[in-house]
Amino acid sequence: MASFMRFCFATLFILVITSSAPATTAEEFKVGGNEGWRQPNANETEMYSRWAATKKFHIGDSLRFEYKNDTVQVVDKWGYYHCNSSHPISFFHDGNTVIKLQQLGLVYFVSADPDHCKNGQRVTVEVIPLHQNSQSPSQSSDAPPAPSLFSGARSFLVVQELVFFYIVASASFNM
């Protein structure tokens, strides 16, 4: 009987650990895709807005800015809309900048060259929680969704583990 109780506690422990682990891992996004971080041509001024609109950014994800003879600045909303980089939150000029997204909400990036920024070399990303679906925070309900014991790709592994433990437990009782 004592071994059965240990088995139950071990099974419960493994179930809790595996079901509470995040179903996704952090991703790294190359800003602009193959184009990288550059001043857009006259007919491409919305290229970074279109690029960001096709992605979902979560806490822990990273943005990689690849560029030559340019800069990346994290700025506030006013600095973004006015292409004013006089008071950046962060400034980078190494040509290969990786920025980890660590807070929920909007994050604004610009080139420190005002002409580049005015020509469209700026991007806003919205960082959302891991569990949020395609709705934006303004569209979602006030109540967070209930956590799921079985989510995503991990659910199959959890079920496999439970079946394995059930077979082991059954075998031990039949002995």
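The structure we're discussing is the one just above.
Read on for a plain summary of the structure. (Residues numbered from 1 in each chain as written. Predicted model: local features only at pLDDT ≥ 70, side-chain atom pairs only at ≥ 80, totals over all residues. Heavy atoms only, no water.)

Some remarks on the overall build of the protein chain
Helix and strand counts for the protein chain stand at five helices and eight strands. Moving toward the C terminus, one meets the helices and strands of the protein chain in the order α-β-α-β-β-β-α-β-β-β-α-β-α. In the protein chain, which comprises 175 residues, the proportion classed as buried is 32%. Counting only contacts in the protein chain whose residues sit at least 6 apart along the sequence, the fraction spanning at least 24 positions is 70%. (Helix = DSSP H or I, 4+ residues; strand = E, 2+ residues; numbered from the N terminus. Buried < 20%, exposed > 50% of the residue type's maximum accessible area, 1.4 Å probe, protein only. Contact = heavy atoms within 4.5 Å.)

Points about the state of the cysteines
Here is the idea: a disulfide is a covalent bond, and it sits between the sulfur atoms of two cysteines. Within the structure shown, the criterion is met by one disulfide. Residue Cys83 pairs covalently with Cys117 via a disulfide, S to S 2.2 Å. Between Cys83 and Cys117, the S-S dihedral sits near -75°, and the bridge is therefore left-handed. Here Cys83, found in the loop between α3 (77-81) and β5 (90-92), pairs with Cys117, found in helix α4 (residues 114-118); they are 34 residues apart in sequence, far enough to count as distant. One exposure class covers both Cys83 and Cys117, and it is buried. (Disulfide = S-S within 2.5 Å.)

A few points about the pattern of salt bridges
Applying the stated criterion to the full structure yields four salt bridges. Measuring nitrogen to oxygen at the nearest pair gives 2.7 Å for the salt bridge that ties Arg64 to Glu28. Here Arg64 is found in strand β3 (residues 62-66), whereas its partner Glu28 is found in strand β1 (residues 28-30), with 36 residues between them in sequence. Overall, the relative accessible area of 44% leaves Glu28 in the partly exposed class. Ionic pairing is found between Glu66 and Lys30, a salt bridge with its closest N-O pair at 3.2 Å. Residue Glu66 is found in strand β3, and its partner Lys30 is found in strand β1; the two are separated by 36 residues along the sequence. Its relative accessible area of 32% is what places Glu66 among the partly exposed residues. Salt bridges sharing common partners tie together Glu35, Arg38 and Glu44. (Salt bridge = Lys/Arg side-chain N within 4 Å of Asp/Glu carboxyl O.)

Points about unusual backbone geometry
At Asn69, a position not held by glycine, the phi torsion is positive, near 50°. Tracing the backbone through its elements, the reader meets Asn69 in the loop between β3 and β4 (72-75). Using a relative accessible area of 82% as the deciding quantity, one classes Asn69 as exposed. Residues other than glycine seldom take positive phi values, yet Cys83 does so here, at roughly 50°. According to the relative accessible area criterion, Cys83 is buried, its value standing at 9%.

Digging into the sheet that holds β5
Strand order in the open sheet formed by five strands is β2-β8-β7-β4-β5, with mixed pairing between adjacent strands. Strands with a single pairing partner mark the edges of an open sheet, and in this sheet they are β2 (57-58) and β5. Two strands pair when backbone bridges link them, and strand β7 (residues 105-110) and strand β8 (residues 122-128) are joined in this way by six bridges, in the antiparallel orientation. In the sheet register, Leu106 faces β8, and the bridge partner there is Glu126. (Pairing = 2+ DSSP bridges.)

What about the packing of aromatic side chains?
Under the defined criterion, the tally for this structure stands at eight aromatic pairs. Taking the centre distance of 5.8 Å and the plane angle of 45° together, the rings of Trp51 and Phe57 count as tilted. The class of Trp51 is buried, set by a relative accessible area of 10%. For Phe57, a relative accessible area of 2% puts it in the buried group. Plain terms: the ring middles of Tyr80 and Tyr81 are 4.9 Å apart, the flat faces sit at 90° to each other, and that makes the pair edge-to-face. Assessed through its relative accessible area of 7%, Tyr80 is described here as buried. Grouping aromatic residues by their ring pairs yields a cluster made of Trp37, Tyr48, Phe65 and Phe109. Above the face of the Tyr80 ring, Arg122 is positioned so that its terminal group lies 5.1 Å from the ring centre. (Phe/Tyr/Trp six-rings, centres within 6.5 Å; stacked < 30°, edge-to-face > 60°. Lys NZ or Arg CZ within 6 Å of the ring centre and 35° of its normal.)

These figures capture arrangement, not role.
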